[in-house]
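Overview (structure and organization)
Here is how the chains run, residue by residue.
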Amino acid sequence: MSDVFQFLNIARKDGDKKPAAVRSKEFKEIYAQMGTDQAHAQAGRCLACGNPYCEWKCPVHNYIPNWLQLVDEGRIAEAAELSHRTNSLPEICGRVCPQDRLCEGACTLNQVEAGAVTIGAVERYISETAFAQGWRPDLSRVTPSGKKVAIIGAGPAGLACADVLARHGVQAVVFDKYPEIGGLLTFGIPEFKLEKTVMARRREIFVDMGIEFQLNTEVGRDISMADLLAQYDAVFMGMGTYTYMQADIPGENLPGVMAALPFLISNVNHCLGLPQDTFVDMQGQRVVVLGGGDTAMDCNRTSIRQGAASVTCAYRRDEANMPGSKREVANAKEEGVQFLWNRQPVAIVGAGKVEGIKLVTTELGAPDARGRRTPVVIEGSEEIIPCDRVLVAFGFRPNPAAWFADFGITTDPAGRVIAKGQSQPFQTANPKVFAGGDMVRGSDLVVTAVSEGRQAAEGILGYLELN
Ligand code: FAD
Ligand code: SF4
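Residues numbered from 1 in each chain as written. Chains lettered and ligands numbered in written order. Predicted model: local features only at pLDDT ≥ 70, side-chain atom pairs only at ≥ 80, totals over all residues. Heavy atoms only, no water.

1. What to know about the overall build of the protein chain
Secondary structure summary: the protein chain contains 16 helices and 16 strands in total. Its C-alpha atoms give the protein chain a radius of gyration of 23 Å, near enough to 23 Å, the size a compact globule of 467 residues would have. Expressed as lengths along the three principal axes of its C-alpha atoms, the size of the protein chain is roughly 70 × 55 × 50 Å. Within the protein chain, the fraction of its 467 residues that count as buried is 54%. Considering only contacts in the protein chain between residues 6 or more positions apart, those separated by 24 or more positions represent 70%. About 20200 Å² of surface is accessible on the protein chain, with carbon and sulfur atoms providing 50% of the total. Here the protein chain contributes 47 positive and 55 negative side-chain charges, whose respective centroids are spaced 1 Å apart. (Helix = DSSP H or I, 4+ residues; strand = E, 2+ residues; numbered from the N terminus. Rg over C-alpha atoms; globule rule 2.2 N^0.38 Å. Buried < 20%, exposed > 50% of the residue type's maximum accessible area, 1.4 Å probe, protein only. Contact = heavy atoms within 4.5 Å. Areas by Shrake-Rupley, 256 points an atom, 1.4 Å probe, with all protein chains shown as cover. Lys, Arg positive; Asp, Glu negative; His and termini not counted. Charge placed at Lys NZ, Arg CZ, Asp CG, Glu CD.)

This is how it looks when you write it as structure tokens:
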């Protein structure tokens, strides 16, 4: 069975338990992409302002007004060409970027009632339409340089780096410990936000561009960094951040409490039919999710799809101060998630397994060093919410490998790799090693990882004297 068909099985496999409202919403989100008329209408609204703030707010600085104009003129292949000049994964960013905080948040039309041009949806439309018409990146005029670069991690940072290198005639070989490419795009972000078929198609495109993937291969275990440095002209690391932040409260070790990412990965593995020891099934369970970011929203919405009896999301600040995308919170509410704002967990209670969670109410106090108002606990406000499962979605910290030091790769006190560039962008303290994405900036976004992977590739080209 081809990868694409294997991925398509997901919809059939987990479809049974979903409430009808979720299924119809999912259908709209996944399959009903923007039609040609809507795309033209949106593209035609662009004012082509003298100062394209949208371009500046977009981390990869997409040529947004230019591709909107090409869409308006029906020149889709040229729009796709232009969009790929700045973004290695435009069809994915168009789906998962928090546009309200980025490009669309900066659109001048936000000041009028109709609101911003729906830039993300048009970006997705351009790629989807061009792919459907048979358009593919054209590397026929690229001359091989004879250089080869090893890339550790097939997440957005590693893929973006490989994309830019391939377009400059460098053989990119991508190593990943997982059996599929995508990093958190595949083993984190759920199917209802990003269809697995999209990653499968992107893998085919990258392979056709000459990028090589060595999957199920962990660097430091199955192949050593010393071997990579000996066999390749440079190495790029885009290994992400995978230390889960703990709640640090009594009862956190009770059966029924788990970190967000293992839960989401277990769901992906189950849907893909990949081998795993334990599938965490929320059917019939009363689930409490702790946290207010996108990962928490993914846990909420995945639990609903698995048929949870109830899903409650507790967050220690108010709704206006949630870090997650507003669109994701609205989706979760619409699907039946109950939100408890201004609630902080103090203990998980139960005899031998989770039976409830003890929360206190908070109010927002003085701003902290970063300007965010600190939650202050209201005395005597304790309450216990009965539940069967608790998912902790408090974010991630870096997990620097023990072998970094052996190769002169340094980290800051938080464990992030230092890649400030001695002579090239995103170069680490070892001049032959470059790094980018979450492992350098801390947990962030797909588009920022893409941006850093691309900039690091430019650095590698400079180091190899190819630009
Ligand atoms: P990753 O995507 O983490 O990829 C790192 C890769 O490196 C992995 O495939 C890993 O297997 C591999 N690797 C690590 N160590 C080794 C090794 N030793 N050998 C071989 N391979 C190795 N961002 C958004 O913009 N929008 C969203 O909606 C969104 N939702 C999210 C939902 C969840 C649940 C999570 C967890 C994150 C979400 N993000 C979202 C954040 C986004 O996914 C990350 O910022 C982005 O994937 C980081 O890219 P990266 O390439 O740096 O790392
Ligand atoms: Fe907007 Fe993200 Fe596309 Fe940039 S990459 S234009 S921020 S959707």
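Next comes the rest of the account.
2. Structural notes on the site of ligand 1
Around ligand 1 there are 32 residues in total, and Val96, Asp176, Val219, Tyr242 and Asp438 lie nearest to it. Between Pro156 and ligand 1, the recorded distance is 3.3 Å, taken from a backbone N or O atom to an oxygen atom. Between ligand 1 and Val446, the relevant distance is 3.0 Å, taken from an oxygen atom to a main-chain nitrogen or oxygen of the residue. Within the complex, 97% of the 1000 Å² of free accessible area of ligand 1 lies under protein. Among the secondary structure elements, those contributing two or more residues to the shell around ligand 1 are α9 (156–167), α13 (294–305) and α16 (446–463). (Near = heavy atom within 4 Å. Polar contact = N/O pair within 3.5 Å; in protein donor to acceptor, adjacent residues only side chain to side chain.)

3. Some words on the pattern of salt bridges
Evaluation of the coordinates by the stated rule reveals 22 salt bridges. Its salt-bridge partner being Asp412, residue Arg416 comes within 2.8 Å of it at the nearest N-O pair. With a relative accessible area of 30%, Arg416 lands in the partly exposed category. Residue Arg441 pairs with Asp444 through a salt bridge whose shortest N-O separation is 2.8 Å. Using a relative accessible area of 37% as the deciding quantity, one classes Arg441 as partly exposed. Accessibility expressed as a relative area gives 37% for Asp444, which makes it partly exposed. One network of salt bridges, in which partners are shared, links Arg95, Glu128, Glu195 and Arg201. (Salt bridge = Lys/Arg side-chain N within 4 Å of Asp/Glu carboxyl O.)

4. Let's talk about the packing of aromatic side chains
Any aromatic ring pair is given by two values, namely how distant the centres are and how the planes are angled relative to each other. Counting across every chain of the model gives eight aromatic pairs. Measuring from centroid to centroid gives 5.0 Å for Trp403 and Phe404, while their planes differ by 80°, and the two rings are edge-to-face. Accessibility assignment for this pair places Trp403 and Phe404 in one class, buried. Note on Trp403: relative accessible area 14%, which makes it buried. Three or more aromatic residues joined by ring pairs form one cluster here, namely Trp403, Phe404 and Phe407. The ring of Phe206 has Arg202 sitting right over it, with the charged end atom 5.5 Å from the ring centre. Above the plane of the ring of Phe192 lies Arg305, whose end atom (NZ or CZ) is 3.7 Å from the centre. (Phe/Tyr/Trp six-rings, centres within 6.5 Å; stacked < 30°, edge-to-face > 60°. Lys NZ or Arg CZ within 6 Å of the ring centre and 35° of its normal.)

5. Description of empty space enclosed by the protein
All told, the structure shown has four cavities of 30 Å³ or more when counted by the stated rule. The computed volume of the largest cavity comes to approximately 130 Å³. Taken together, 17 residues make up the lining of the largest cavity; nearest its centre are Cys46, Cys49, Cys54, Cys107 and Thr108. If you list the elements that add at least two residues to the lining of the largest cavity, you get α4 (53–57) and α5 (64–72). Within this model, the second largest cavity holds a volume of roughly 90 Å³. The wall of the second largest cavity is formed by 14 residues, among which Cys58, Asn62, Cys97, Cys103 and Glu123 lie closest to the centre. Taken together, the residues that form the lining of the second largest cavity break down as nine nonpolar, four polar and one charged. (1 Å grid on protein atoms, 1.4 Å probe; cavity = no way out; pocket = protein on both sides within 12 Å on 5 of 7 lines; lining within 4 Å. Points joined across faces, edges and corners; volume = space filled by probe spheres on them. Nonpolar A, V, L, I, M, F, W, Y, C, P; charged D, E, K, R; others polar.)

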